[in-house]
Amino acid sequence: MSKDSILVINCGSSSLKFSVINPKTEEESINGLAERLGSSEASITWKVNGEKNTQQLGQAAHDAAIEALVGLLRDQNLMDRIEAIGHRVVHGGEKFTASTLITDEVLKGIEDCCHLAPLHNPAHLKGIRAAMKFFPGLPQSAVFDTAFHQTMPAESYLYAVPHSLYREHGLRRYGMHGTSYRFVSKAAADMLGLDYENSAILVAHLGNGASACAVKNGKSVDTTMGLTPLEGLVMGTRSGDIDPNVFSFLNKQCGYSLDEITEILNKKSGMLGLSELDNDCRAIEEAAAKGNERAQLTLDVFCNVLAKKLAGFAAEMGRIDALVFTGGIGENSSTIRKNVLNRLSIFGFEMDEAVNQEMFRGKNGVITKEGSPVAIVVATNEELMIARDTHGLVS
Ligand code: AMP
């Protein structure tokens, strides 16, 4: 049996997502999720040929989940097809500008970035170490969410704060969703017949976490997320940009502690906080359609912030060859896409309403009329990108 596939692993603090993908044919032979790791109710769920199965793992942490995954891959006769393992890693700081094979030095580098992503990097390290133990001899790679944005110029990534805070503590904008931006911007260029190395592509990655990126000549030149994923757009539960003095206001006026304010802005704000209904865009759209005014206002705030960011990025790049919508909302919500394009009419966007309505559940295509600047929906596939990078590194 030929080693034609990559095992892609995305480890969170209590979960582990996995899939086995052939980077050439793009075929996914299995995908799944181990959940509630660290509790006595840990379980692993997987899908093969459209059929879903679940196994309880009892008291299991990342190690036990990876051990269960080995058994599962053996049962499915997939073990011998795995060429290498690709790990999603959220934060690579300034050290990692591209995907890389994992060595002791790389592990140390990921560890050094833990203070920049305290919820994510330690979990990734657990997953990587467990994978090294249970898949001995298989090459492993790290694919960083931040790496694509390392091409941003200093004028985009620096905050106007005392420069020593950047020099001594790395306080700067890093951006996230880089693997998705790399995938969809190249895919859009290919679909539209653009020369990727000489193009200006705006991307709106709109999911429960949302950000936008200006991709010029195949490189990120600006993005909306910053030191952390809190900055930028309105999201499911994150506020996005706010006046930084909100912190002292909430502390002094309302008596909230630093941790409580961080929790409010990350977990209780965004669409959820504003609508007082839900963090899920679909639910807000349904409420708005039934006449709920706050739900409509929530959608309008979301789209207004996004349109302003996109317009700013267009000014930075000097032109727009394509505007790409991706992520759960970008790929599925004709309402949000229409609302945003209406706000960008200054650039001449004219939407093809009928085609816009048809774009959902993974369909790709142009949603603007002939003669208009191009807006296009492209389904993202971060796992495939990780599989391609990993295959590229080992071959
Ligand atoms: P993601 O984080 O990329 O999985 O995206 C999740 C978001 O996509 C949630 O806010 C969902 O409500 C949203 N979403 C998925 N399908 C639709 C849809 N048909 N219309 C509007 N939003 C959608």
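Structural notes, computed from the coordinates. Counting restarts for each chain, with residues numbered from 1 along the sequence as it is written. Selection of residues for local features in this predicted model requires a pLDDT of at least 70, selection of side-chain atom pairs for listing and counting requires 80 or more, and totals for whole chains, interfaces and linings are taken over all residues. Derived side-chain values reflect all non-hydrogen atoms in the structure, with water molecules and hydrogen atoms excluded from consideration.

### What to know about the environment of Ser15
- Here a strand is any run of E in DSSP of at least two residues, a helix any run of H or I of at least four, and the numbering for each starts at the N terminus. On the secondary structure map, Ser15 appears in the loop between strand E1 (5–11) and strand E2 (16–21).
- For the pair Ser15 and Ile44, spaced 29 residues apart in sequence, the C-alpha separation works out to 9.4 Å.
- Excluding residues that lie within four positions of it along the chain, Ser15 makes contacts with Asn10, Leu33, Ala34, Glu35, Leu37 and His62. Any two residues having at least one pair of non-hydrogen atoms within 4.5 Å are treated as being in contact.

### Side note on the pattern of salt bridges
- Salt bridge, as used here, is a side-chain nitrogen of Lys or Arg placed within 4 Å of a carboxyl oxygen of Asp or Glu. As enumerated under the stated definition, the model contains 18 salt bridges in all.
- A salt bridge links Arg282 to Asp280; the nearest nitrogen and oxygen atoms lie 3.8 Å apart.
- Residue exposure (1.4 Å probe, protein chains only): buried if accessible area is under 20% of the type maximum, exposed if over 50%, otherwise partly exposed. Arg282 sits in the exposed class, given a relative accessible area of 61%.
- Here Arg319 makes a salt bridge to Asp321, at a shortest N to O gap of 3.0 Å.
- Residue class for Asp321 comes out partly exposed when judged on its relative accessible area of 22%.

### Considering unusual backbone geometry
- Positive phi is not limited to glycine here, since Glu26 has a value of about 70°.
- Residue Glu26 is classed as partly exposed on the basis of its relative accessible area, which comes to 45%.

### So, the packing of helix H6 (residues 178–192) against helix H15 (residues 382–394)
- In this analysis, axes come from line fits to C-alpha atoms, helices being fitted only over the stretch in contact, and the angle between any two N-to-C directions falls in the range 0 to 180 degrees. One way to put it is that H6 packs onto H15 with a least axis distance of 9 Å and a crossing angle of 90°. As far as their axial angle goes, H15 and H6 are roughly perpendicular. For the pair H6 and H15, the contacting residues are Thr179, Ser180, Arg182 and Phe183 in the first and Glu382, Leu384, Met385, Ile386, Arg388 and Asp389 in the second. Oblique is the label for every angle not falling under 35 degrees (roughly parallel), over 145 degrees (roughly antiparallel), or within 65 to 115 degrees (roughly perpendicular).

The quantities given are spatial measurements derived from coordinates; they are silent on function.
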